[in-house]
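Listed below, chain by chain, are the residues.
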Amino acid sequence: MSQLWWRAKRLSESLGSDSPDGLPPGSPSTVAPRGPNSSWAPIAPVVRPEESFFLMTSTAQTISGFFVWTALLITCHQIYMHLRYYSSPNEQRHIVRILFIVPIYAFDSWLSLLFFTNEEYYVYFDTVRDCYEAFVIYNFLSLCYEYLGGESAIMAEIRGKPIESSCMYGTCCLWGKAYSIGFLRFCKQATLQFCVVKPLMAVITVILQAFGKYKDGDFNVASGYLYVTIIYNISVSLSLYALFLFYFATRDLLVPYNPVLKFFMVKSVIFLSFWQGMLLAILEKCGAIPQINSADFSVGEGTVAAGYQNFIICIEMFFAAVALRHAFTYKVYMDKRLDSYGRCAPMKSISSSLKETMNPGDMVQDAIHNFSPAYQQYTQQSTLERGGGPSLSRSHSNVSTRGDNEKTLLLSSDDEF
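A. Inspection of the overall build of the protein chain at higher detail. Across its full length, the protein chain carries 12 helices and four strands. In the protein chain, which comprises 417 residues, the proportion classed as buried is 45%. Relative to all contacts within the protein chain whose residues are 6 or more apart in sequence, the contacts with residues 24 or more apart total 78%. In the form shown here, the protein chain has an accessible surface area of approximately 21500 Å², with 62% of it arising from carbon and sulfur atoms.

Structural data, given as structure tokens:
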């Protein structure tokens, strides 16, 4: 009887403590929830997505969806108006390409949130987004070239002038140098290299992801994330630095075109989104971002960090759409009709203009030209001087007729940056 009583006492103590043998009762990592369906919690932290994790709630999807679709409506209307008044193709081609960054960024990030529980889908979605941002940097630089009348008109204004040395503007290393055709070549090459490096890194990321060698936020030397991040950081920094150098050299010439807002928007959308991702990766490394484990799926910390990044981008794209609407307004092109009767472009013309706008052939030709070994025999288009030098404060209507007023100049090979 005494043995039976002792066993009954031990059993009642075990049921009352809810603790396995060898662990003190009440341990926070092992206490099971009370109730008829109680079960032991695993060692790893458990997040119940349907109750507590914000990114997987309908609230997060509704908020992000509202900002995304509002941004899409604003930007698509602006793109349509540019195509409707497509009277300066050399400029508006680049403007429409820049504006497409909002639909691509916003819709891509929203899709990544909808497929949040799958750790592979967001990598493929973000690949499209990342490739397009390189395209945007190049087109913004090309747009500035068009504003100023081409490379020859720019060189006529800045060639031979000393580069102002300033640590604040990042030109202290250029002390004693002067603006030359090599300077423009460097700006073009630095932006074009990002158009090559970024898609290449995106393809490598997809391959590494397929073989399990890539994980967001994993700075381990055996993981591909560390090396992809280093290469991407160097490439995007060089590209944006070249863009800034060009703006620094031509900021006075670009004043009639209100370049500050344009420059700020392009740089912030691309550069800030990159550093947001880096900050979230560091927070993940510090343990501030948990993983999600459940019976149906498991989401790693890197995917959670990418989810926060996509949610932030969804909201940011609404404000970017509003700012880009003012930065690249279509109203300056409205007074220039496409025919003598004052009619706007028909739908067929709008579709053909859109097709021509999204054709990257000009970028490919520009890359071949700027990286060609024969660049020392550089052929440059120049506006014919008719009673004076080239006018940089010309109206938009002069752009469409610039092709009739051009001649070819050959620059010597010693005119390098």
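B. A look at helix H5 (residues 121-147). With 27 residues, H5 should cover 39 Å at 1.5 Å per step; its first-to-last C-alpha distance of 40 Å lies within 8% of that length. Burial runs high along H5: 22 of the 27 residues are buried. Positive backbone phi, approximately 95 degrees, marks Gly 149, located one or two places after H5.

C. Up close: the environment of Asp 218. Relative to the assigned elements, Asp 218 resides in the loop between helix H7 (181-210) and helix H8 (224-250). For Asp 218, a relative accessible area of 24% gives the class partly exposed. Between the alpha carbons of Asp 218 and Ile 282 there is a distance of 9.6 Å; along the sequence they are 64 residues apart. Discounting residues that sit within four places of it in the chain, Asp 218 has contacts with Ser 223, Tyr 225, Leu 226 and Lys 285.

D. Examining the nonpolar core more closely. Residues Ile 101, Phe 246 and Phe 328 are the most contacted members of the largest nonpolar core, which totals 96 residues. Setting aside residues no more than four positions away along its own chain, Ile 101 makes contact with Tyr 132, Val 136, Val 269, Ile 270, Met 317 and Leu 324.

E. Molecular detail of a nonpolar patch on the surface. Together, Leu 114, Phe 115, Tyr 121 and Tyr 124 make up an exposed nonpolar region whose accessible area comes to about 340 Å². Take Phe 115: it is sitting in the loop between helix H4 (101-114) and H5. With a relative accessible area of 37%, Phe 115 lands in the partly exposed category.

F. Broad picture of the packing of H7 against H8. For the pair H7 and H8, the least separation of the axes is 9 Å and the interaxial angle reads 160 degrees. Here H7 is positioned roughly antiparallel relative to H8, judged by the angle of their axes. Along this stretch, H7 crosses H8, giving a crossing that reads as left-handed. In terms of residue class, the contact of H7 with H8 is built from 18 nonpolar, six polar and one charged.

G. Main features of the packing of H5 against H7. For the pair H5 and H7, the least separation of the axes is 9 Å and the interaxial angle reads 175 degrees. Of the possible angle classes, the one that applies to H5 and H7 is roughly antiparallel. For the contact of H5 with H7, the residue count by class is 17 nonpolar, five polar and four charged.

H. Just the confidence of the model for the protein chain, in detail. Per-residue pLDDT for the protein chain has a mean of 74; in total, 72% of the residues score no lower than 70. Mean pLDDT across the elements of the protein chain ranges from a minimum in strand E4 (residues 406-410), with 39, to a maximum in helix H2 (residues 58-84), with 92. Taken as a whole, residues 8-46 scores under 50 in pLDDT and shows 22 contacts with residues more than four places along the chain or in a different chain.

I. Here's a closer look at helix H3 (residues 89-99). In terms of burial, H3 is largely enclosed, as nine of its 11 residues are buried. Within H3, the full set of buried residues consists of Glu 91, Gln 92, Arg 93, His 94, Ile 95, Val 96, Arg 97, Ile 98 and Leu 99.

J. Summary view of the side chain of Thr 250. As for its position among the elements, Thr 250 is in helix H8. For Thr 250, a relative accessible area of 0% gives the class buried. In terms of polar contacts, Thr 250 uses its side chain to reach the backbone carbonyl oxygen of Phe 246, at 2.8 Å. In this view, Thr 250 contacts Leu 148 and Ile 154; residues no more than four positions away in its chain are not counted.

K. Main features of the environment of Glu 356. By secondary structure assignment, the location of Glu 356 is in helix H11 (residues 347-357). A residue is classified by how much of its surface remains accessible, and Glu 356, at 31% relative accessible area, is partly exposed. A sequence separation of 263 residues divides Glu 356 from Arg 93, and the C-alpha atoms of the two residues are 7.9 Å apart. Ignoring anything within four residues of it in the chain, the contact list for Glu 356 reads Tyr 86, Arg 93 and Arg 97.

L. Here's a closer look at the pattern of salt bridges. Evaluated as defined, the whole model comprises five salt bridges. In this structure, Lys 188 and Glu 151 form a salt bridge, with 4.0 Å as the shortest nitrogen-oxygen distance. With Lys 188 in helix H7 and Glu 151 in helix H6 (residues 151-158), this pair connects stretches of sequence that are 37 residues apart. Its relative accessible area of 5% is what places Lys 188 among the buried residues. Accessibility expressed as a relative area gives 15% for Glu 151, which makes it buried. Here Arg 251 and Glu 164 are joined by a salt bridge, their closest N and O atoms 3.7 Å apart. On the criterion of sequence distance, the pair formed by Arg 251 in the loop between H8 and helix H9 (259-285) and Glu 164 in the loop between H6 and H7 is long-range, its members being 87 residues apart.

M. Representation of the packing of aromatic side chains. Going through the model one piece at a time under the given rule, you end up with 18 aromatic pairs. A ring pair is formed by Tyr 132 and Phe 135, whose centres lie 5.6 Å apart and whose planes are at 70 degrees; its orientation type is edge-to-face. Of this pair, Tyr 132 and Phe 135 are both found in helix H5, three residues apart, which corresponds to roughly one turn of the helix. For the pair Tyr 132 and Phe 135, one class covers both residues: buried. With a centroid separation of 6.3 Å and 45 degrees between ring planes, the pair formed by Phe 140 and Phe 263 is classed as tilted. Of this pair, Phe 140 sits in helix H5 while Phe 263 sits in helix H9, placing them 123 residues apart in sequence. Residue classification places Phe 263 among the buried residues on the basis of a relative accessible area of 10%. Ring pairing ties together the aromatic residues Phe 140, Phe 244, Tyr 247, Phe 248 and Phe 263, which thus form one cluster. For the cation-ring pair, Lys 198 lies above Tyr 232, with the distance from its terminal atom to the ring centre recorded as 3.6 Å. Sitting over the ring of Phe 328, Lys 262 keeps its end group 5.6 Å from the ring centre.

Reading guide: rules and limits
- Residues numbered from 1 in each chain as written.
- Predicted model: local features only at pLDDT ≥ 70, side-chain atom pairs only at ≥ 80, totals over all residues.
- Heavy atoms only, no water.
- Helix = DSSP H or I, 4+ residues; strand = E, 2+ residues; numbered from the N terminus.
- Buried < 20%, exposed > 50% of the residue type's maximum accessible area, 1.4 Å probe, protein only.
- Contact = heavy atoms within 4.5 Å.
- Areas by Shrake-Rupley, 256 points an atom, 1.4 Å probe, with all protein chains shown as cover.
- Expected span 1.5 Å × (residues − 1).
- Core = buried A, V, L, I, M, F, W, Y, C linked by side-chain atoms within 4.5 Å.
- Patch = residues over 30% accessible without salt bridge, like charges linked within 9 Å, V, L, I, M, F, W, Y side chains within 5 Å.
- Salt bridge = Lys/Arg side-chain N within 4 Å of Asp/Glu carboxyl O.
- Axes fitted to C-alpha atoms, helices over the stretch in contact; angles between N-to-C directions.
- Parallel < 35°, antiparallel > 145°, perpendicular 65-115°, else oblique.
- Left-handed = near helix turned anticlockwise from the far one by under 90°.
- Nonpolar A, V, L, I, M, F, W, Y, C, P; charged D, E, K, R; others polar.
- pLDDT = per-residue confidence, 0-100.
- Polar contact = N/O pair within 3.5 Å; in protein donor to acceptor, adjacent residues only side chain to side chain.
- Phe/Tyr/Trp six-rings, centres within 6.5 Å; stacked < 30°, edge-to-face > 60°.
- Lys NZ or Arg CZ within 6 Å of the ring centre and 35° of its normal.

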